[in-house]
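Topology and contacts: notes
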Amino acid sequence: MGSPWAIAIVLTGVAAGYLPWLLYPERTTFFFYTIVLTPFLVLAFVSMLGAVLGRADDPPQRRRLGRALVIVVLTMIVLVSALFLPLWTGAPIPVEFLRLHYWLPGWV
C-alpha cells in the first residue's frame, strides 16, 4: 500500500475528474469524457488491490484470503470487459445486446 500522501493525491485526481459531473445530472455523459479520469481510477484501484492483498509480513492465512479476493475481483473485471468489448471496438451488435449495456438511465 502506498503512503497516505500518494493515496490522497490519487483520490484528489479522482474527485477533480468526477465531482463536476454531479453538478449536471441531466446532461448526457459520453464514455470518452472519462479519459481524463482513467489514470487516477487505475491508480486508486491498484492501491486498493495492494491493500487487500496485504504486506509480505502479514500472516499466511491473511495473504491467501487477500490473494483470493484479488483474483475474484480481477476475474470479474475481465468478464465485464469482455461484455463491453464489442461496444469499445465498434463491432456490429444486435439492438437487444446493446440494451444489456444500458445499466444507468444516463447511458441511453
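In what follows, the accompanying structure is described.

**Notes on the packing of helix 2 (residues 38-53) against helix 3 (residues 60-89)**
Two elements in contact, helix 2 and helix 3, have axes separated by 7 Å at closest approach and are oriented at 150°. Taking contact as the criterion, the partners of Phe-45, Leu-49, Ala-51, Val-52 and Leu-53 in helix 2 are, on helix 3, Arg-62, Arg-63, Gly-66, Arg-67, Leu-69, Val-70, Val-73, Leu-74 and Ile-77.

**Section: the side chain of His-101**
Counting through the fold element by element, His-101 comes out in the segment after helix 4 (95-99). When sequence neighbours within four positions are dropped, the list of residues in contact with His-101 reads Leu-83, Phe-84, Leu-87 and Trp-107.

**Here's the deal with the packing of helix 1 (residues 4-18) against helix 2**
In the contact formed by helix 1 and helix 2, the axes pass within 8 Å of each other and the chain directions differ by 140°. Our classification of the angle between helix 1 and helix 2 gives oblique. In the packing of helix 1 onto helix 2, the handedness of the crossing is left-handed. Contact residues: helix 1 offers Val-10, Leu-11, Gly-13 and Val-14, while helix 2 offers Phe-40, Leu-41, Leu-43 and Ala-44.

**So, helix 3**
Between the first and last C-alpha of helix 3 there are 42 Å, a value that for 30 residues agrees with the 44 Å anticipated at 1.5 Å per step. At Leu-83, helix 3 shows its strongest bend, of approximately 40°, with the proline Pro-86 following within four residues. Of the positions making up helix 3, those classed as buried are Gly-66, Val-70, Phe-84 and Pro-86. Check the buried side of helix 3 and you find it contacts helix 2 and helix 4. With its phi angle positive at about 75°, Gly-90 sits one or two positions after the end of helix 3.

**Focus: the layout of surface pockets**
Roughly 1400 Å³ of internal volume is contained in the largest pocket. Lining the largest pocket we find 34 residues, and of these Thr-29, Phe-30, Phe-31, Thr-34 and Trp-107 sit closest to its centre. Counting residues per element, the lining of the largest pocket draws most heavily on helix 3, at six residues. Considered class by class, the residues forming the lining of the largest pocket number 25 nonpolar, eight polar and one charged.

**Overview of the pattern of salt bridges**
For the structure on display, the rule yields two salt bridges. Residue Asp-57 is joined to Arg-55 by a salt bridge in which the shortest nitrogen-to-oxygen separation is 3.2 Å. On the accessibility criterion, Asp-57 (60% relative accessible area) is exposed. The shortest N-O distance in the salt bridge between Asp-58 and Arg-55 comes to 3.9 Å. On the accessibility criterion, Arg-55 (54% relative accessible area) is exposed. Through salt bridges with shared partners, a single network forms among Arg-55, Asp-57 and Asp-58.

The rules we used
- For every chain, the first residue of its written sequence is number 1, and the numbers climb from 1 along that sequence.
- Where local features are concerned, this predicted model is filtered to residues with pLDDT of at least 70; where side-chain atom pairs are given and counted, the filter is 80 or more; whole-chain, interface and lining totals use all residues.
- With hydrogens and water set aside, each side-chain value is computed from the structure's full complement of heavy atoms.
- To get an axis, fit a line to the C-alpha atoms, keeping to the stretch in contact for a helix; angles then go from 0 to 180 degrees between the N-to-C directions.
- Each helix is a run of H or I in the DSSP string that is no shorter than four residues. Each strand is a run of E no shorter than two, and both are numbered from the N terminus.
- By the convention used here, residues are in contact when the closest approach between their heavy atoms is within 4.5 Å.
- For classification, angles of less than 35 degrees are called roughly parallel, those exceeding 145 degrees roughly antiparallel, those between 65 and 115 degrees roughly perpendicular, and all remaining angles oblique.
- Should the near helix be turned anticlockwise from the far one by less than a right angle, the crossing is termed left-handed; should it be turned clockwise, right-handed.
- A helix is expected to reach a length of 1.5 Å times the quantity of its residues less one.
- Two axes are fitted around each residue, one to the seven residues ending there and one to the seven starting there, and the angle between them is reported as the bend at that residue.
- The rule is simple: take the accessible area with a 1.4 Å probe, protein chains only, and divide by the maximum for that residue type; under 20% is buried, over 50% is exposed, in between is partly exposed.
- In this analysis, the protein atoms alone were mapped onto a 1 Å grid. Cavities are point sets where a 1.4 Å probe fits without being able to get out; pockets are open sets with protein on both sides within 12 Å along at least five of seven lines; lining residues have an atom within 4 Å of a point.
- Grid points are joined across faces, edges and corners, and a volume is the space filled by probe spheres set on the points.
- Any residue that is not Ala, Val, Leu, Ile, Met, Phe, Trp, Tyr, Cys, Pro, Asp, Glu, Lys or Arg is counted as polar, Gly included; the first ten are nonpolar and the last four charged.
- The working definition used for a salt bridge is a side-chain nitrogen of Lys or Arg within 4 Å of a carboxyl oxygen of Asp or Glu.

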